Amino acid sequence: MGTSQSREDYISDSDDYKEEEEDEEEEEEEEDQYADAEAHQVTPHFASASKSKSKTLTSLDDVDAKLKALKLKYGSPCPSPSPSSSSNPNSKNAVKLYLHIGGNTPKAKWIVSEKLTYYAFIKTSNFDAENDEDDDDDESDGKGQSSWVLKVGSKVRARVSTEMQLKMFGDQRRIDFVCKGVWALKFLTDEQYRRFVTEFQDCLFENVYGIKATEENKVKIYGKEFLGWVKPEAADDSMWEDAEDELGKSPGPATPLRSNQDLLEEFEEAANGGVQSLTLGALDNSFLVNDSGVQVYRNLRHGIHGKGVCVKFDGGNSRGSSSLSESTPKKALLMRAETNMLLMSPLKDGKPHGRGLQQLDIETGKIVTEWKFEKDGTDITMRDVTNDTKGSQLDPSESTFLGLDDNRLCQWDMRDRSGMVQNIAAASSPVLHWNQGHQFSRGTNFQCFATTGDGSIVVGSLDGKIRLYSKTSMRQAKTAFPGLGSPITHVDVTFDGKWILGTTDTYLILICTLFTDKDGKTKTGFSGRMGNRIPAPRLLKLTPLDSHLAGTDNKFHGGHFSWVTENGKQERHLVATVGKFSVIWDFQRVKNSGHACYHNQQGLKSCYCYKIVLKDESIVESRFMNDKFAFSDSPEAPLVVATPLKVSSISLAGKK
């Protein structure tokens, strides 16, 4: 279970400029031992250059002279944000290029791909990562949007984006990234390294927002209140520092962790196949929704166990076949002390929107009714539904829930307008009552939402914005975080509303909502506007190697905090899924500003310390059980991991 410790953390300088004959002998051995590297290796431009021995290069002049002696043939790149990417390669752009081979096997290591080469940021239109080879001088012609591309020698050509998973090692003057393999660049000076990182961040800004990375444009995109998001060194980090004491003394700086020896798999059971979603209960049962029905599992302190009970979708509908769904439900919501479940099916494959719900009575195993979404006599759709609060599914009298569509945020009530419970057995078409909410006239492009313990609402959007609404008003957000340009595909929030976790395809973003008002009181962004002392967020990422191993088509999804439903309890971990990986971060470690991951970084702090649970098929969902199922030998409730064919329960052993 889990991936082995990679040898990616350090590249020694001792062999930076070995004798070429020694390098040739090593490369011959590597070709024999690592056949998989051939897919990434190509012949360097200077393969036929003189093979005279050279001593260690000690100055930029020596580097410049060597580059000129190689007589490299390069095109003229377009102007870049900085003089270091000028039209003629020179010593300012000189780097050494490494390739990581062997994956996560014991033989994994870095090899020198090009002993001395150069990098350039090139602006090109209609960049095709697979087929675009020779358009170095291609400026945008107005027909397609131009993008900045990083080119390194003859071997690397990548559009500047978060998909590169760039990771910084300031103490080594090195950056790692993904481009059809895992690469590393080592720079000759600290100045070169810092200039490259600044250029990369400016090119990334322009690729995301379509405008140059000037101070004026950054204010335009983020607003004056959020300039700390683009200049973290100027942001107020005091709230992160204060948070370190929430669970007692913060752990000290540590080496980035990928060890999985404290992940103990308790149970693994075969599911009936076609698992679409995992719905955990805080009481007796949890549930898997698959192609044929709802499987019932028993909640235990060491995980969930199958009860051998499956509620078939076509077996208990008192009204005949369903008119609301033409596919397997993708969303399940527990209500009324977990005795009822609301099931929502998408109208079309690939689209989450549904036009109604089926209500399942768990105790009888029957679909007792179907509800339609309707407003002012017109049928509408919802893309997601959730409970009013973090713990309201435990309320036996719960009759309301929240709904979200692209431009709608509302609360639905299963009672009639007078507040009476509808007689669903007698009603020919029970109607959900639009209790409160707002239909926005302009494109908010809402994607996902979640609630706190008191019913405050956080909503993630396609443009990356994250909005906070109080429990009393859905019309106007109290706080709107600008995001970083990547669509928010899933969002979660802690019970107390102090922390928000947004999921994007390539990273997770952790936001602190705490601020101090003009009277000196500490509040969250759900209750008031945060002003200009807003902490910079932190990013949770995979290392370039793990990102590459996860696969190019695999994206992060379903980032969650561990599950707390009581005041005074604190979430301890965060979990997200990517491909066959279930990735776990220690929440307190992420909040610790002195953590080793954050040393020698420029820009937003990024945490790479996590544990991985590896499965043999793509994971549908990973969730922590309710905090009440934590036991004395573990600081956390078990983690439940569902794949299409299996469900596993994993305990996190460790200090109490």
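Notes on the structure follow. (Residues numbered from 1 in each chain as written. Predicted model: local features only at pLDDT ≥ 70, side-chain atom pairs only at ≥ 80, totals over all residues. Heavy atoms only, no water.)

### Observations concerning the overall build of the protein
Item 1. Counting its regular elements, the protein contains seven helices and 40 strands.
Item 2. In the protein, which comprises 656 residues, the share counted as buried stands at 55%.
Item 3. Residue pairs at least 24 apart in sequence account for 61% of intrachain contacts in the protein once pairs closer than 6 positions are excluded.
Item 4. For the protein, the exposed area adds up to about 28600 Å²; of that, 45% sits on carbon and sulfur atoms. (Helix = DSSP H or I, 4+ residues; strand = E, 2+ residues; numbered from the N terminus. Buried < 20%, exposed > 50% of the residue type's maximum accessible area, 1.4 Å probe, protein only. Contact = heavy atoms within 4.5 Å. Areas by Shrake-Rupley, 256 points an atom, 1.4 Å probe, with all protein chains shown as cover.)

### Details of the packing of aromatic side chains
Item 1. According to the stated counting rule, one finds 20 aromatic pairs in the structure shown.
Item 2. Seen from their ring centres, Tyr-119 and Phe-196 are 5.0 Å apart, and the 85° between their planes marks the pair as edge-to-face. Of this pair, Tyr-119 sits in strand β2 (residues 109-125) while Phe-196 is found in helix α3 (residues 190-209), placing the two residues 77 residues apart along the sequence.
Item 3. Considering the side-chain rings of Tyr-209 and Tyr-222, the 5.9 Å spacing of their centres and the 75° angle between planes classify their relative orientation as edge-to-face. Of this pair, Tyr-209 sits in helix α3 while Tyr-222 sits in helix α4 (residues 215-222), placing them 13 residues apart in sequence.
Item 4. Among the residues examined, Tyr-209 registers a relative accessible area of 23% and is labelled partly exposed.
Item 5. Given the relative accessible area of 8%, Tyr-222 is considered buried.
Item 6. Taken together, the ring pairs in this structure connect Tyr-119, Phe-121, Phe-187, Tyr-193, Phe-196 and Phe-200 into an aromatic cluster.
Item 7. Over the ring of Tyr-608 we find Lys-167; its NZ or CZ atom is 4.5 Å from the centre of that ring.
Item 8. Over the ring of Phe-587 we find Lys-591, and its NZ or CZ is 4.1 Å from the ring centre. (Phe/Tyr/Trp six-rings, centres within 6.5 Å; stacked < 30°, edge-to-face > 60°. Lys NZ or Arg CZ within 6 Å of the ring centre and 35° of its normal.)

### Some remarks on the side chain of Ser-286
Item 1. Within the secondary structure layout, Ser-286 lies in strand β10 (residues 285-289).
Item 2. Among the residues examined, Ser-286 registers a relative accessible area of 1% and is labelled buried.
Item 3. Within polar-contact distance, the side chain of Ser-286 engages the backbone nitrogen of Gly-281 at 3.0 Å.
Item 4. Side-chain polar atoms of Ser-286 contact the side chain of Asn-299, separated by 2.7 Å.
Item 5. When near neighbours in sequence (up to four residues on either side) are disregarded, Ser-286 contacts Thr-279, Leu-280, Gly-281, Gln-295, Val-296, Tyr-297, Asn-299 and Ile-304. (Polar contact = N/O pair within 3.5 Å; in protein donor to acceptor, adjacent residues only side chain to side chain.)

### Let's talk about the sheet that holds strand β25 (residues 466-469)
Sheet strands line up and pair through hydrogen bonds in the backbone, either parallel or antiparallel.
Item 1. An order of β23-β24-β25-β26 is seen for the four strands of this open sheet, with the pairing classed as antiparallel. Each edge of the open sheet carries a strand with a single partner, namely β23 (446-451) and β26 (479-481). If you compare each strand with its neighbour and ignore which way they point, the axes differ by 20° on average.
Item 2. In this structure, β23 lies alongside strand β24 (residues 457-461), joined through five bridges in antiparallel fashion. When the bridges of β24 are listed, Cys-448 appears paired with Gly-460. (Pairing = 2+ DSSP bridges. Axes fitted to C-alpha atoms, helices over the stretch in contact; angles between N-to-C directions.)

### Points about α3
Item 1. With 20 residues, α3 should reach 28 Å at 1.5 Å per residue; the first-to-last C-alpha distance of 29 Å fits that figure.
Item 2. Three or more residues of α3 are buried, namely Gln-192, Tyr-193, Arg-195, Phe-196, Val-197, Glu-199, Phe-200, Cys-203, Leu-204, Phe-205, Glu-206 and Asn-207.
Item 3. A positive backbone phi angle near 80° is found at Gly-210, which sits one or two residues after α3. (Expected span 1.5 Å × (residues − 1).)

### Comments concerning α4
Item 1. Every buried residue belonging to α4 is among Asn-217, Lys-218 and Tyr-222, and all of these are buried. Within α4, the buried residues cover an arc of 115° as seen down the axis, which keeps them to one side. Opposite the packed face of α4, turned more than 90 degrees from it, sit the exposed residues Glu-216 and Lys-220.
Item 2. Tucked into the core, α4 has its buried residues touching α3. (Arc of directions from axis to C-beta.)

### A word on the sheet that holds strand β16 (residues 366-372)
Item 1. With antiparallel pairing, four strands are arranged side by side in an open sheet as β13-β14-β15-β16. Single-partner strands in this sheet number two, and they are β13 (331-335) and β16. Direction aside, neighbouring strands of the sheet carry axes that sit 25° apart on average.
Item 2. Alignment of strand β15 (residues 356-361) against β16, held across six bridges, turns out to be antiparallel. Within the sheet, the bridge partner assigned to Gln-358 lies in β16 and is Glu-370.

### A short note on the pattern of salt bridges
Item 1. Per the stated rule, a full pass over the model turns up 17 salt bridges.
Item 2. In this structure, Glu-268 engages Lys-615 in a salt bridge whose closest nitrogen and oxygen atoms are separated by 3.3 Å. Of this pair, Glu-268 sits in strand β8 (residues 263-270) while Lys-615 sits in the loop between β37 (611-614) and β38 (621-624); the two residues are 347 residues apart in sequence, bridging distant segments of the chain.
Item 3. By relative accessible area, which is 43% here, Glu-268 ends up partly exposed.
Item 4. Taking the relative accessible area as the measure of exposure, Lys-615 reaches 8% and is therefore buried.
Item 5. Arg-623 is paired through a salt bridge with Glu-621; the nearest N and O atoms lie 3.8 Å apart. By the burial criterion, Arg-623 is buried, and Glu-621 matches it.
Item 6. Here the residues in one salt-bridge network are Glu-268, Lys-615, Asp-616 and Lys-646, joined through shared partners. (Salt bridge = Lys/Arg side-chain N within 4 Å of Asp/Glu carboxyl O.)

### Re the pairing of strand β20 (residues 400-405)
Item 1. Taken across its six residues, β20 has six buried, putting it largely inside the fold.
Item 2. Residues of β20 alternate between two faces, with Thr-400, Leu-402 and Leu-404 on one and Phe-401, Gly-403 and Asp-405 on the opposite face, all of them buried.
Item 3. The pairing of strand β19 (residues 384-386) with β20 spans three bridges and is classified as antiparallel. Looking across to β20, one finds that Asp-384 is bridged to Leu-404.
Item 4. As paired elements, β20 and strand β21 (residues 408-413) share six bridges and run antiparallel to each other. Each bridged residue has a counterpart across the sheet, and for Leu-404 the counterpart in β21 is Leu-409.
Item 5. In textbook terms, the turn of a hairpin is the stretch between consecutive antiparallel strands, and for β20 and β21 this stretch comprises two residues.

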